[in-house]
Amino acid sequence: MKFGKVAMLMACAAMAASGAWGDAAREELAKVSAEFCASTDGQPITTDMVVDKVKAAVAILNAEGAAAYPKFMGKDTEFIFGGTYIWVNSYDCVMLMHPIMDKMEGRELMSLQDVNGKRFFVEFVSAAKDGGGWVEYMWPKPGTKEAVRKVSYIMPAKVDGQEVVVGCGLYDVSDEVLATLKAR
């Protein structure tokens, strides 16, 4: 990586922490995050790893608020792993932080449906209000367009006094793994 890109990423993180995002800076950080996410696809990942990352993200967000969002982005984060990532949305289904799809941020997604008609953001909020759990839906793997089965672990958190949903998921989940998760 050239020094110019490193400086750009550091500036992106500083702007995110201060709330002074510029479209180009946020777009560049999303691109770097997406490339890193794709490079981690194929690494071993388990449901326990996803749960542990969500719990760690919740602890950070509860302590640091929205200023912590840059910790979930870029190529040096532990929260992009195994071809997946942490995201944060409000109880009103507004995307607050998505490391690889910056265009979703600020959008209300309550009516968004997967290919089967499931309004999965509504289910995320419901799971968070129930204390957390797994939600199954169809969503494209990073870098692809075809929707595959994804199962995300959801937990509630508070970001600067606002109740939020924190989630992370597994793609191409087998029927066996899904049955195990539903039995928990």
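What comes next is a walk through the structure. (Residues numbered from 1 in each chain as written. Predicted model: local features only at pLDDT ≥ 70, side-chain atom pairs only at ≥ 80, totals over all residues. Heavy atoms only, no water.)

Some thoughts on the nonpolar core
Turning to step 1, where the next piece is worked out: Grouped together as the largest cluster of nonpolar side chains are 29 residues, with contacts concentrated most on Val-54, Leu-61, Phe-72, Ile-86 and Val-166.
Turning to step 2, where the next piece is worked out: Listing elements by their share of this core, those giving two or more residues are α3 (47-64), β6 (147-159), β7 (162-171) and α5 (175-183).
Turning to step 3, where the next piece is worked out: No other element matches α3, which puts seven residues into this core.
Turning to step 4, where the next piece is worked out: Setting aside its immediate chain neighbours within four residues, Ile-86 contacts Lys-53, Val-54, Ala-57, Phe-72, Phe-79, Met-97, Pro-99, Val-166, Gly-167 and Cys-168.
Turning to step 5, where the next piece is worked out: One finds Tyr-85, Phe-120, Val-135 and Trp-139 within the second-largest nonpolar core, a separate group that totals 23 residues. (Core = buried A, V, L, I, M, F, W, Y, C linked by side-chain atoms within 4.5 Å. Buried < 20%, exposed > 50% of the residue type's maximum accessible area, 1.4 Å probe, protein only. Helix = DSSP H or I, 4+ residues; strand = E, 2+ residues; numbered from the N terminus. Contact = heavy atoms within 4.5 Å.)

Let's talk about the pattern of salt bridges
Turning to step 1, where the next piece is worked out: Throughout the structure, instances matching the rule amount to 11 salt bridges.
Turning to step 2, where the next piece is worked out: Residue Asp-102 pairs with Lys-103 through a salt bridge whose shortest N-O separation is 3.9 Å.
Turning to step 3, where the next piece is worked out: Note that Arg-149 and Glu-136 form a salt bridge whose closest N and O atoms lie 3.1 Å from each other. Taken together, the residues Arg-149 in strand β6 and Glu-136 in strand β5 (residues 133-140) connect sequence positions 13 residues apart.
Turning to step 4, where the next piece is worked out: Under the relative-accessibility criterion, Arg-149 is labelled partly exposed at 22%. (Salt bridge = Lys/Arg side-chain N within 4 Å of Asp/Glu carboxyl O.)

As for empty space enclosed by the protein
Turning to step 1, where the next piece is worked out: Scanning the model with the defined rule gives one cavity of 30 Å³ or more in all.
Turning to step 2, where the next piece is worked out: Within this model, the largest cavity holds a volume of roughly 70 Å³.
Turning to step 3, where the next piece is worked out: At the level of elements, α4 (120-129) and β5 are the ones that each hand at least two residues to the lining of the largest cavity.
Turning to step 4, where the next piece is worked out: In terms of residue count, the dominant contributor to the lining of the largest cavity is α4 (three residues).
Turning to step 5, where the next piece is worked out: Tallied by class, residues from the lining of the largest cavity come to nine nonpolar, one polar and one charged. (1 Å grid on protein atoms, 1.4 Å probe; cavity = no way out; pocket = protein on both sides within 12 Å on 5 of 7 lines; lining within 4 Å. Points joined across faces, edges and corners; volume = space filled by probe spheres on them. Nonpolar A, V, L, I, M, F, W, Y, C, P; charged D, E, K, R; others polar.)

Examining the side chain of Asp-102
Turning to step 1, where the next piece is worked out: With respect to the secondary-structure elements, Asp-102 resides in the loop between β4 (95-97) and α4.
Turning to step 2, where the next piece is worked out: Setting aside its immediate chain neighbours within four residues, Asp-102 contacts Arg-26, Glu-27 and Ala-30.

Quick look at α4
Turning to step 1, where the next piece is worked out: Along α4, the residues classified as buried are Phe-120, Phe-121, Phe-124, Val-125, Ala-127 and Ala-128. Buried residues of α4 fall within an arc of 160° about the axis and therefore sit on the same side.
Turning to step 2, where the next piece is worked out: Here the buried face of α4 lies against β3 (87-90), β4, β5, β6 and β7.
Turning to step 3, where the next piece is worked out: Phi turns positive one or two residues past the end of α4, at Gly-131, with a value near 100°. (Arc of directions from axis to C-beta.)

From the geometry alone we can't say anything about function, so treat these as descriptive.
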